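Next come the chains, spelled out residue by residue.
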Amino acid sequence: MIPSERLKGIDTFVATADEGSFTAAAERLHVTGSAVSKSVARLEERLGTRLFERTTRRLALTDAGTAFYRSCVRVLADLEEAETVLAAQRSEPVGRLRVDMPATFGRLRVWPLMLQLMRQHQHLRPHVSFTDRFTDLVDEGIDVAVRIGGPDQWPAAIGHRYLGCERLIFCASPDYLARNGTPTSATELSRHDAVLYGKADGSSSPWLIAHDARAVERRTMEGRVIVGNAEAQVAAVKAGYGIAQLATWLVSEDIARGKLVQVLPTLETDGLPLHLVWLVGRQLLPKVDAVLELLATALRVD
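Residues numbered from 1 in each chain as written. Predicted model: local features only at pLDDT ≥ 70, side-chain atom pairs only at ≥ 80, totals over all residues. Heavy atoms only, no water.

**Side note on the packing of helix 5 (residues 103-120) against helix 11 (residues 286-298)**
Thinking step 1. The interhelical angle for the contact between helix 5 and helix 11, taken along N-to-C directions, is 135°, at an axis separation of 11 Å. Between helix 5 and helix 11, the angle falls in the class oblique. Two packed elements cross with a definite hand, and for helix 5 against helix 11 that hand is right-handed. Residues Arg109, Val110, Leu113, Met114, Gln116 and Leu117 of helix 5 lie in contact with helix 11, whose contacting residues are Ala290, Val291, Leu294, Leu295 and Ala298. (Axes fitted to C-alpha atoms, helices over the stretch in contact; angles between N-to-C directions. Helix = DSSP H or I, 4+ residues; strand = E, 2+ residues; numbered from the N terminus. Parallel < 35°, antiparallel > 145°, perpendicular 65-115°, else oblique. Left-handed = near helix turned anticlockwise from the far one by under 90°. Contact = heavy atoms within 4.5 Å.)

**As for the pattern of salt bridges**
Thinking step 1. The final tally for this structure, using the stated rule, is 14 salt bridges.
Thinking step 2. A salt bridge links Asp143 to Arg282; its shortest N-O distance comes to 2.5 Å. Of this pair, Asp143 sits in the loop between helix 6 (137-140) and strand 5 (144-148) while Arg282 sits in the loop between strand 13 (269-279) and helix 11, and the two are 139 residues apart along the sequence.
Thinking step 3. On the basis of relative accessible area, Asp143 is assigned to the buried category, the value being 5%.
Thinking step 4. With a relative accessible area of 29%, Arg282 lands in the partly exposed category.
Thinking step 5. For Asp175, the salt bridge identified is with Arg179, shortest N-O distance 3.1 Å. With Asp175 and Arg179 both in helix 7 (residues 174-180) and 4 residues apart, the pair spans about one turn of that helix.
Thinking step 6. Look at Asp175 and you get partly exposed, because its relative accessible area is 45%.
Thinking step 7. Among the charged side chains, a network of salt bridges with common partners joins Asp18, Glu19 and Arg28. (Salt bridge = Lys/Arg side-chain N within 4 Å of Asp/Glu carboxyl O. Buried < 20%, exposed > 50% of the residue type's maximum accessible area, 1.4 Å probe, protein only.)

**Things to note about unusual backbone geometry**
Thinking step 1. Phi at His30 takes a positive value of approximately 60°, unusual for a residue other than glycine.
Thinking step 2. With respect to the secondary-structure elements, His30 resides in the loop between helix 2 (22-29) and helix 3 (33-47).
Thinking step 3. Even without being a glycine, Leu264 presents a positive backbone phi close to 50°.
Thinking step 4. Within the fold, Leu264 resides in the loop between strand 12 (261-263) and strand 13.

**Some details on the layout of surface pockets**
Thinking step 1. Empty space within the largest pocket amounts to approximately 1,100 Å³.
Thinking step 2. What lines the largest pocket is a set of 37 residues, and nearest its centre among them are Ile148, Glu166, Tyr197, Ser205 and Leu272.
Thinking step 3. Within the lining of the largest pocket, the residues separate by chemical class into 20 nonpolar, 11 polar and 6 charged.
Thinking step 4. Its volume calculated, the second largest pocket comes out at about 240 Å³.
Thinking step 5. Residue lining of the second largest pocket: 13 residues in total, with Leu108, Trp249, Leu250, Glu253 and Asp254 positioned closest to the centre.
Thinking step 6. Those elements giving two or more residues to the lining of the second largest pocket turn out to be helix 5, helix 9 (230-238) and helix 10 (248-256).
Thinking step 7. Sorting elements by how many residues they give to the lining of the second largest pocket places helix 10 first, with 6 residues. (1 Å grid on protein atoms, 1.4 Å probe; cavity = no way out; pocket = protein on both sides within 12 Å on 5 of 7 lines; lining within 4 Å. Points joined across faces, edges and corners; volume = space filled by probe spheres on them. Nonpolar A, V, L, I, M, F, W, Y, C, P; charged D, E, K, R; others polar.)

**What about the pairing of strand 13?**
Thinking step 1. As judged from the 5 bridges shared by strand 5 and strand 13, these two strands associate in the antiparallel manner. Looking at strand 13, one finds that Ile148 is bridged to Leu274.
Thinking step 2. Here strand 6 (residues 158-172) runs beside strand 13; their pairing, made up of 9 bridges, is antiparallel. Within strand 13, the residue paired with Arg161 across the bridge is Leu276. (Pairing = 2+ DSSP bridges.)

**Quick look at the nonpolar core**
Thinking step 1. Among the nonpolar cores identified, the biggest contains 41 residues, and Val110, Val146, Leu246, Val251, Leu276, Leu295 and Leu299 are the most heavily contacted of them.
Thinking step 2. Broken down by element, the residue count for this core peaks at 7 residues, all from helix 11.
Thinking step 3. Not counting the four nearest positions on each side in its chain, Val251 is found in contact with Ile169, Cys171, Val234, Leu246 and Leu260. (Core = buried A, V, L, I, M, F, W, Y, C linked by side-chain atoms within 4.5 Å.)

**Structural notes on the side chain of His275**
Thinking step 1. Here His275 lies in strand 13.
Thinking step 2. If we ignore the near neighbours within four places in the chain, the residues touching His275 are Ala145, Val146, Arg147, Gly149, Trp154, Arg161, Tyr162 and Leu163.

**Thoughts on the environment of Glu92**
Thinking step 1. Relative to the helices and strands, Glu92 resides in the loop between helix 4 (63-89) and strand 3 (95-101).
Thinking step 2. Taking relative accessible area as the criterion, Glu92 reaches 54% and is therefore assigned exposed.
Thinking step 3. Residues Glu92 and His123 lie 31 residues apart in sequence; the distance between their C-alpha atoms is 8.4 Å.
Thinking step 4. Apart from the residues lying within four places of it in its own chain, the contact partners of Glu92 are His121 and Pro286.

Here it is as structure tokens:
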């Protein structure tokens, strides 16, 4: 902790350096020129060094003064930010909030939650983007993001919370299974038409075949249909074009309604991890804290 004595005179010193004279600094701080001059002199005495070269026309920082000035500006900025955060904690979530989320997962799972948050906090103004690329929170000014997948280590400026791992299952339409039979093993699964997810580089995502708790095979398939959109992939499966391996969050409603049927439930396996990430420096702001609290609870995968 910084002793309070060491903070005395810093704001006066910075104002004097900025204005270039005791008189101008005094006008800025609404005190007398004599008070400014004495404050700077006491600071120099305490530090044991001259901070200014005094001339008849203007004050100029010494080399030591320049170095000290840079440090003082950072300290005052940190104090101002801390006070802003504490003041914000006592207020309602208000203002612009940048949120980024994966396109399909965001539309189906996250966006309804954001609409709920907006109803609860009328002065919150979310700016929501739906992207499947890995956005940079710092460069793009994003407060909070939902991530499916992500690095093993996050930058120090990024806060993160692991929400669980999506579950992948094989499923098909009742019509397809009636026409082609239901596979009873991983070997039989390979003989069926596959509806695959297509990547931007022209390849397709392999199927993950869980042989046991430790061994997961990445099986490359020849797909009858390859499509680069998760909702379009589901539509193709529902239309009877084959079997697909899909995340449970994507197909749970269709399975409950009987539009899709899970195949080989023993082959259910983990998919990609789900993370909630945010800019560390903004997490105490009420608008950021509100969305983090809601999404961390509602999106958690048990």
